[in-house]
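Summary of structural features
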Amino acid sequence: MDQVLEERDAADWVYRGEGAANIVVAYTGSSPALAGKVLRIQKVPEKESNFIHGSAFSANERLLWKDHKELVLSPTRDMAAQLYLEHVMSPLLGSKHVDAGEFLEAVEENINGRRPVWRINAAKVNRDCKHALLLSDHSCFPRGIMNDEPCISIEIKPKCGFLPSSRYIAKRNAIKRSITRFKMHQALKFHDKEVSKISDYDPLDLFSGSKDRMYKALKALYDTPQNNFRVFMDGSLILGDLGGSADSTTRVIGENLEDVLKSIIQADDGLRTRRFLELIIEAVRKSGVLDRLLDVQKLDTYNIEGAIHAYYNIVSRPCIVCKELGEDGWFHKRNSLHSLSLEESLKIVKDFLISATVKDCSLMICFRPRGAASDSSFSSVHLESTGQFFDYKAFFIDLDLKPLDKMEHYYKLDQKIVRWYTQIARDECSDKRDGCIELYSNTN
Ligand SMILES: O=P(O)(O)O[C@@H]1[C@@H](OP(=O)(O)O)[C@H](OP(=O)(O)O)[C@H](O)[C@H](OP(=O)(O)O)[C@H]1OP(=O)(O)O
Ligand SMILES: Nc1ncnc2c1ncn2[C@@H]1O[C@H](COP(=O)(O)OP(=O)(O)OP(=O)(O)O)[C@@H](O)[C@H]1O
Ligand SMILES: [Zn+2]
């Protein structure tokens, strides 16, 4: 891009949000080129290991992503991240819903004392970071002439929307076939004090396509947002948690959502929140975004209990999983995974990692009442219960490339989650029958 951002421009960028790895700032200045944009900046320095032999990837990762030459040739990991958005995620999820953004490199660094704006004094930003991703602000619409309708947006981190059915799931872990990973993980997070309350959100409800079940899912997200649900009004957070922690039972709400919605939803007091949740359901169903997301999540057909063996084939190390488990009844099935060709193993692990990205991404949907001046380039949705029409746009965010060397972590975390859940389910069963039914049932 032509424009050089200088240190004094930092005042034009305001804090928008953050996760574990990135901080996001939104532009509030007067440059038309940057209006409606956010910068996504890394919080922590990239590991030295990210720069093996001048490439962002290790030799095994270069093998894994070899069909995407542009990725493999990236000199840095964050440049690869942008290319991953453009060349892998966008074709899978649809370019209409993936903003590949623009990769900014600090080429002007230290020239004439000018420094890039992402060196702003925001808390925890990596001050040595040389790159940032310039994206559209998906929490609001671009401001146009005669267009000052308020906009409201939501951010949902839906997590995994299906139950695994891989034959490689060990018998002792059979519970994974009937209880969602989200529900089991909640129990572990609660035990580890990562969350102070167990969420009733069930991803299977959200992905079900049934209006009633989707409403139930959204109501649970609204009641216990954690890091799975946020609401923004004209770009400012009004419900949910800002900033990287999974626990947000303390909601940051300046005003009551019901009141905030007065300028958006035409319904009586006490009904607006419900109507708003219905509006989200309409937009999700009409856009088909979650159906598409689910299809990509389902690329994980082997489950981590199968994919981990393919991983060891690729890295040419003895499989610690087979070694730990020894020769039980499952040995032959796993063994068949160790006789797969390198190509077959690469495909299994690549699909697993793509699926991991989309099990962890978030969906932002932004709405504004459709006025006479509405830009017809946006999709519209009808909220039958109030008779209103809304413009909306739906985008996936946080579609980060997951590193190959996370595979062992995935396996260990999976086993930890299921072991803990099986244990409490067993304890509950021996204590009281009701608890037993609740723990073994996926319907909250
Ligand atoms: O493993 P999970 O399901 O807990 O997902 C992690 C997320 O935890 P949560 O959604 O709170 O359960 C976790 O989210 P939080 O940091 O807890 O907000 C990250 O998104 C993490 O990805 P990465 O390491 O930043 O690439 C996520 O790791 P990945 O598994 O997606 O690599
Ligand atoms: N394009 C965007 N428009 C508006 N807000 C955004 C955009 N991208 C990110 N955000 C906000 O910034 C927050 C942090 O961004 P993001 O999820 O990409 O960070 P992260 O560190 O990668 O997260 P995680 O911990 O899940 O890995 C988001 O939760 C969202 O509220
Ligand atoms: Zn093995």
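Keep in mind the model is a prediction, meaning the values are calculated, not measured. (Residues numbered from 1 in each chain as written. Chains lettered and ligands numbered in written order. Predicted model: local features only at pLDDT ≥ 70, side-chain atom pairs only at ≥ 80, totals over all residues. Heavy atoms only, no water.)

**Section: the sheet that holds strand E11 (residues 388–397)**
The following threshold applies: Pairing between strands requires that DSSP locate at least two bridges from one strand to the other. A run of DSSP states H or I qualifies as a helix once it reaches four residues; a run of E qualifies as a strand once it reaches two. Both are numbered from the N-terminal end. The convention used is that axes are lines fitted to C-alpha atoms, helices contributing only their stretch in contact, and that angles between N-to-C directions extend from 0 to 180 degrees.
Overall, antiparallel pairing links the 6 strands, which are arranged E8-E7-E6-E9-E11-E10 in an open sheet. A single partner strand is all that each edge strand has here, and the edge strands are strand E8 (236–239) and strand E10 (379–383). Taken over all neighbouring pairs, the strand axes of this sheet differ in orientation by 30° on average, direction set aside. Inspection of the sheet shows strand E6 (residues 152–156) paired to strand E7 (residues 229–233) by 5 bridges, in the antiparallel sense. In the sheet register, isoleucine 156 faces E7, and the bridge partner there is phenylalanine 229.

**Focus on the site of ligand 2**
Filter applied, for reference: Being near a molecule or strand, for a residue, means having at least one of its heavy atoms within 4 Å of it. N or O atoms closer than or at 3.5 Å make up a polar contact, with two conditions inside protein: a donor-capable atom paired with an acceptor-capable one, and, for residues adjacent in sequence, both atoms drawn from side chains.
Lining the immediate environment of ligand 2, one finds 23 residues, of which Ala20, Asn22, Arg40, Glu155 and Asp398 sit closest. Contact between ligand 2 and glutamate 155: an oxygen atom at 2.5 Å from a side-chain N or O atom of the residue. For ligand 2, an oxygen atom lies 3.3 Å from a polar atom in the side chain of arginine 230. Listed by contribution, the elements that provide at least two residues to the shell around ligand 2 are strand E1 (13–18), strand E2 (22–27), strand E3 (37–42), strand E5 (131–136) and E7.

**Quick word on the site of ligand 1**
Going by this rule: Exposure was quantified through the Shrake-Rupley algorithm and a 1.4 Å probe, taking into account, for residues, occlusion by the shown protein chains and nothing else. Put simply, Ala, Val, Leu, Ile, Met, Phe, Trp, Tyr, Cys and Pro go in the nonpolar bin, Asp, Glu, Lys and Arg in the charged bin, and everything else, Gly too, in the polar bin.
Taken together, Ala20, Lys157, Lys159, Arg181, His185, Lys189, Asn227, Asp360, Lys402, Lys406, Tyr410 and Leu413 make up all the residues around ligand 1. Note that an oxygen atom of ligand 1 is positioned 2.8 Å from one of the side-chain N or O atoms of lysine 189. One nitrogen or oxygen atom from the side chain of lysine 402 is found 2.8 Å from an oxygen atom belonging to ligand 1. Relative to its unbound accessible area of 600 Å², ligand 1 is 73% covered by the protein chains. If you list the elements that add at least two residues to the shell around ligand 1, you get helix H4 (181–191) and helix H14 (407–431). No other element matches H4, which puts 3 residues into the shell around ligand 1. Across the shell around ligand 1, the residue classes break down as 3 nonpolar, 2 polar and 7 charged.

**Here's the deal with the domain arrangement of the protein**
As a reminder, the rule being used: Residue ranges assigned to the domains are those given by an automatic or database domain assignment. Two residues form a contact once any of their heavy atoms are found within 4.5 Å. Put simply, buried area is the surface a 1.4 Å probe can reach on two separate parts but cannot reach once they are joined, added for both.
In terms of domain boundaries, the protein breaks down into domain 1 (7–136) and domain 2 (143–443). With 30 residues of domain 1 in contact, the opposing surface of domain 2 contributes 32 residues. Together domain 1 and domain 2 conceal approximately 2700 Å² of surface at their shared face, both sides included; 64% is due to carbon and sulfur atoms. Its largest share of buried area at the contact with domain 2, domain 1 owes to Leu64, Leu93 and His97, together 26% of the area lost on that side.

**Section: the pattern of salt bridges**
Opposite charge on two side chains allows them to pair when their charged atoms are near. Where we set the bar: We define a salt bridge as a contact between a side-chain nitrogen of Lys or Arg and a carboxyl oxygen of Asp or Glu at a distance within 4 Å. The buried label applies to any residue whose accessible area, calculated with a 1.4 Å probe on protein chains only, is under 20% of its type's maximum; exposed applies above 50%, and partly exposed to all values in between.
Tallying each qualifying case throughout the model produces 25 salt bridges. Between aspartate 400 and arginine 40 there is a salt bridge, and its shortest N-O distance comes to 2.8 Å. Of the two residues, aspartate 400 sits in the loop between E11 and H14 while arginine 40 sits in strand E3, which places them 360 residues apart along the sequence. Residue classification places aspartate 400 among the partly exposed residues on the basis of a relative accessible area of 22%. With a shortest N-O distance of 2.8 Å, aspartate 414 and lysine 176 are connected by a salt bridge. Pair noted here: aspartate 414 is in helix H14 and lysine 176 is in the loop between E6 and H4, with a separation of 238 residues, a long-range link.

**Things to note about the sheet that holds strand E4 (residues 102–105)**
With antiparallel pairing, 5 strands are arranged side by side in an open sheet as E1-E2-E3-E5-E4. Sheet topology places E1 and E4 at the edges, where each strand pairs with a single neighbour. Going from strand to strand, the sheet's axes swing by 30° on average, the running direction of each strand aside. For E2 and E3, the ladder comprises 5 bridges, and the chain directions are antiparallel. Pairing of isoleucine 23 across the sheet is with isoleucine 41, part of E3. Its contacts with the sheet place helix H3 (residues 77–93) against E3, E4 and E5, and it is angled at close to 170° to E4.

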